[in-house]
Amino acid sequence: TFVSRVSSQEDCFDVRIFTPASELPFAGHPTIGTACVLSGDGYAKGRHLTLREGIGPIAVHVEDRHGVSHATMTLPGRLDRPMGGAPSLQNLAAILSTPEQD
């Protein structure tokens, strides 16, 4: 993830998530991990962060429990629909390193 602070809001950050091949509008594990790092390393002042990603703002609450960060996020309502189509059979076979007929 690549993070930049939104200057007008204290605990609001712009977050961009990349794979080796492309940028993602959202991914759960990178969102949670980014929030934990921002909170644990002191970049965020409070426990409630807003991470602005390609799908919109994600509210994340981070708690420190016995030295371990625990985070929960609230997703925008529009995530109840698919964010993309299924990969083609050719792409799926290549990802799994298996022949298409398998």
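A few points on the structure.

Reading the values: the criteria
Residues numbered from 1 in each chain as written. Predicted model: local features only at pLDDT ≥ 70, side-chain atom pairs only at ≥ 80, totals over all residues. Heavy atoms only, no water. Phe/Tyr/Trp six-rings, centres within 6.5 Å; stacked < 30°, edge-to-face > 60°. Helix = DSSP H or I, 4+ residues; strand = E, 2+ residues; numbered from the N terminus. Buried < 20%, exposed > 50% of the residue type's maximum accessible area, 1.4 Å probe, protein only. Polar contact = N/O pair within 3.5 Å; in protein donor to acceptor, adjacent residues only side chain to side chain. Core = buried A, V, L, I, M, F, W, Y, C linked by side-chain atoms within 4.5 Å. Contact = heavy atoms within 4.5 Å.

## Here's the deal with the packing of aromatic side chains
Okay, step 1: Going through the model one piece at a time under the given rule, you end up with one aromatic pair.
Okay, step 2: An angle of 85° between the planes, with centres 5.5 Å apart, marks the rings of Phe2 and Phe18 as edge-to-face. Placement of the pair is Phe2 in strand β1 (residues 2-5) and Phe18 in strand β2 (residues 12-18), with a sequence separation of 16 residues.
Okay, step 3: Residue classification places Phe2 among the exposed positions, given a relative accessible area of 56%.

## Looking at the side chain of Thr34
Okay, step 1: Inspection of the secondary structure puts Thr34 in helix α1 (residues 28-40).
Okay, step 2: Residue Thr34 is classed as buried on the basis of its relative accessible area, which comes to 6%.
Okay, step 3: In this structure the side chain of Thr34 is engaged in a polar contact, spanning 2.9 Å, whose partner is the side chain of Thr1.

## Brief notes about the nonpolar core
Okay, step 1: The biggest cluster of nonpolar side chains holds 14 residues, and the ones touching the most others in it are Phe13, Leu49, Leu51 and Val60.
Okay, step 2: Breaking this core down by element, the ones donating at least two residues are β2, α1, β4 (48-53) and β5 (56-65).
Okay, step 3: In contact with Leu51, not counting residues within four places along its chain, are Phe13, Val15, Thr31, Ala35, Leu38, Gly56, Pro57, Ile58 and Val60.

## As for the side chain of Asp11
Okay, step 1: Along the chain, Asp11 falls in the loop between β1 and β2.
Okay, step 2: Polar contacts involving the side chain of Asp11 include one to the main-chain amide nitrogen of Lys45, which spans 2.7 Å.
Okay, step 3: The residues contacting Asp11, other than those within four sequence positions of it, are Ala44, Lys45, Gly46, His48, Leu49 and Thr50.

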